[in-house]
Amino acid sequence: MTTEQKAYITATVPVLKENGVLLTKHFYKRMFTHHPELKNMFNMGNQKSDKQQTALALAVLAYAENIADPTVLLPVVDRIGHKHVSLDIRPEHYIIVGRHLIASIQEVLGDGATPGIIDAWTAAYNQLATLMSGHEASLYQHKTNMEHGWTGWRPFQIRKKVAESDEITSFYMYPADGGRVAAHLPGQFISVRTFLPQLNLNQSRQYSISSAPDNNFYRISVKRERSQNIDTNGMISNHLHDLVNEDDVVELTAPSGNFTLKEEMDGPIILISGGVGLTPLLSMLQALMANNHQHSVTWLHGCRNEQVHAFKEDVENITAEYPHFNHHIFYNEASEQHQAAGIRQGYLDIATLPEDLLDPDGHYFLCGPSVFISKQYSDLVSAGISKDHIHFEEFGPQVLTLN
């Protein structure tokens, strides 16, 4: 890009801050009008809730703010790349997106969309598309190079369906072709695609893998949504609970995601989860124990009550077997019997725990609802924990910008 083009992009930053979501809403509406088949690729629940529009607006704004040196966004590019690869997004999709994004800028800005601005954003988008598709190509290549790896959608058979709590059920999924699977990195997710008759669309949702790495199967643990007005995400989860049974077939992509344990993490590990956010952390915990992690491992978990607390016995068994592992539980509704057993009443609050539990050399992994992540992140930073040592996974489109 030329210096003049970059200046045009920088000049549009105030407009994006004020009208970014308006632009992205217009963009998605326009693109789906011209390409209704793409509704099978995009999660329409995230469209209805405006999460996807907000996430895209934040990404476009971040790109514009850093147009002088887009390489600072490489961690964001990596995270988004993993999401795209898990949905089998390919270079040709960037062409469609670019065409409708530039047209949307023209239509939303009207007379403000001067030839200079359109030329600059066309160049900027092409630069971003090249960066993204190039990175995603390397991710696809990595998957094909892995033992038992693959790209695209692959049919899997549900071999076992197990209730873990009143609202969380696990699905054990094996390749329908009888082959094996690539062992995932603890913390990664897979995309599950199934047909929703209510929408007459194929819809996909990403679920964390809740089992230890294995070459034979993947396990996901899905929360049932009980709201009267559930969105498409809830439709998919309830479809799995109610209509997908043992021996049925769903489609999966290979494991993706960079919310994972790193080999260089030579120190204490603290896992902090809320509700169904425990799923990727359970996989991490199993891997840490299997690999005989040499430092302390602590798990803090909060949920409404015992009835919705999944994998409680599994974690208690690990506690009994590994002396350097301990966990603390918070119930919103804790009985006197629970409290006598050491379970805390109320929402998870690290301020109520022993001060020496928060080791400044430790690595902290957070997963749960956005509000939960924000609070725990803020409390950890206030307690003196370095932001570089705090890692979090936000389910759905990323809208949190904590680090």
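Residues numbered from 1 in each chain as written. Predicted model: local features only at pLDDT ≥ 70, side-chain atom pairs only at ≥ 80, totals over all residues. Heavy atoms only, no water.

## Description of the packing of helix H5 (residues 74-86) against helix H7 (residues 115-145)
Phase 1 of the analysis: Where H5 meets H7, the axes come as close as 9 Å, and the angle between the chain directions of the two elements is 55 degrees. One finds that H5 runs oblique with respect to H7. Pair H5 / H7 crosses with right-handed handedness. Here Leu74, Val77, Asp78, Ile80, Gly81, His82, His84 and Val85 of H5 lie close against H7, whose contacting residues are Leu131, Met132, His135, Glu136, Leu139, Tyr140 and Lys143. (Axes fitted to C-alpha atoms, helices over the stretch in contact; angles between N-to-C directions. Helix = DSSP H or I, 4+ residues; strand = E, 2+ residues; numbered from the N terminus. Parallel < 35°, antiparallel > 145°, perpendicular 65-115°, else oblique. Left-handed = near helix turned anticlockwise from the far one by under 90°. Contact = heavy atoms within 4.5 Å.)

## Topic: the pattern of salt bridges
Phase 1 of the analysis: What the rule picks out here adds up to 10 salt bridges.
Phase 2 of the analysis: Linking Asp88 and Arg90 is a salt bridge whose minimum nitrogen-to-oxygen distance equals 2.8 Å.
Phase 3 of the analysis: On the accessibility criterion, Asp88 (16% relative accessible area) is buried.
Phase 4 of the analysis: Overall, Arg90 belongs to the partly exposed group, its relative accessible area being 23%.
Phase 5 of the analysis: Here Glu316 and Lys312 are joined by a salt bridge, their closest N and O atoms 2.6 Å apart. On the criterion of helical spacing, the pair formed by Glu316 and Lys312 is a turn pair, its members being four residues apart in helix H10 (residues 312-321).
Phase 6 of the analysis: For Lys312, a relative accessible area of 18% translates into the label buried. (Salt bridge = Lys/Arg side-chain N within 4 Å of Asp/Glu carboxyl O. Buried < 20%, exposed > 50% of the residue type's maximum accessible area, 1.4 Å probe, protein only.)

## Re the layout of surface pockets
Rolled over the atoms, a probe with the dimensions of a water molecule shows which regions are left empty.
Phase 1 of the analysis: Volume-wise, the second largest pocket comes out at about 450 Å³.
Phase 2 of the analysis: In this structure, the second largest pocket is lined by 18 residues; those nearest its centre are Leu261, Lys262, Glu263, Leu288 and Asn291.
Phase 3 of the analysis: It is helix H9 (residues 278-290) that provides the largest number of residues to the lining of the second largest pocket, a total of three residues.
Phase 4 of the analysis: Here the residues of the lining of the second largest pocket sort into nine nonpolar, six polar and three charged. (1 Å grid on protein atoms, 1.4 Å probe; cavity = no way out; pocket = protein on both sides within 12 Å on 5 of 7 lines; lining within 4 Å. Points joined across faces, edges and corners; volume = space filled by probe spheres on them. Nonpolar A, V, L, I, M, F, W, Y, C, P; charged D, E, K, R; others polar.)

## With respect to the sheet that holds strand E11 (residues 363-368)
The strands that make up a sheet are held in pairs by hydrogen bonds between backbone atoms, and each pair lies either parallel or antiparallel.
Phase 1 of the analysis: What the six strands build is an open sheet, ordered E10-E9-E8-E7-E11-E12; its pairing is parallel. Each edge of the sheet is formed by a strand with only one pairing partner; in this case those strands are strand E10 (344-345) and strand E12 (390-394).
Phase 2 of the analysis: Of the pairings in the sheet, the one linking strand E7 (residues 269-274) to strand E8 (residues 297-303) comprises six bridges and is parallel in character. When the sheet's bridge partners are listed, Ile269 is paired in E8 with Val297. (Pairing = 2+ DSSP bridges.)

## Brief notes about the packing of helix H2 (residues 13-34) against helix H4 (residues 51-65)
Phase 1 of the analysis: Interhelical geometry of H2 versus H4 gives an angle of 140 degrees and a closest axis separation of 8 Å. As summarised for this structure, H2 and H4 are arranged oblique, according to the angle between their axes. The chirality of how H2 crosses H4 is right-handed. Along its contact with H2, which presents Val13, Leu16, Lys17, Gly20, Val21, Thr24, Lys25, Phe27 and Tyr28, the element H4 presents Gln52, Gln53, Thr54, Leu56, Ala57, Val60, Leu61, Ala64 and Glu65.
Phase 2 of the analysis: Per-class residue counts for the contact of H2 with H4 are 10 nonpolar, five polar and three charged.

## Some thoughts on the sheet that holds strand E5 (residues 218-223)
Phase 1 of the analysis: What the six strands build is an open sheet, ordered E4-E3-E6-E1-E2-E5; its pairing is antiparallel. Sheet topology places strand E4 (201-208) and E5 at the edges, where each strand pairs with a single neighbour. Each strand of the sheet is rotated relative to its neighbour by a mean of 40 degrees, with strand direction disregarded.
Phase 2 of the analysis: Note: strand E3 (residues 189-196) against strand E6 (residues 249-252), two bridges, orientation antiparallel. In the strand pairing of E6, Arg193 is matched with Glu251.
Phase 3 of the analysis: Across the sheet, H5 touches E3 and E4, and the angle it forms with E3 is around 40 degrees.

Everything listed here is a matter of coordinates, which is why it stays silent on function.
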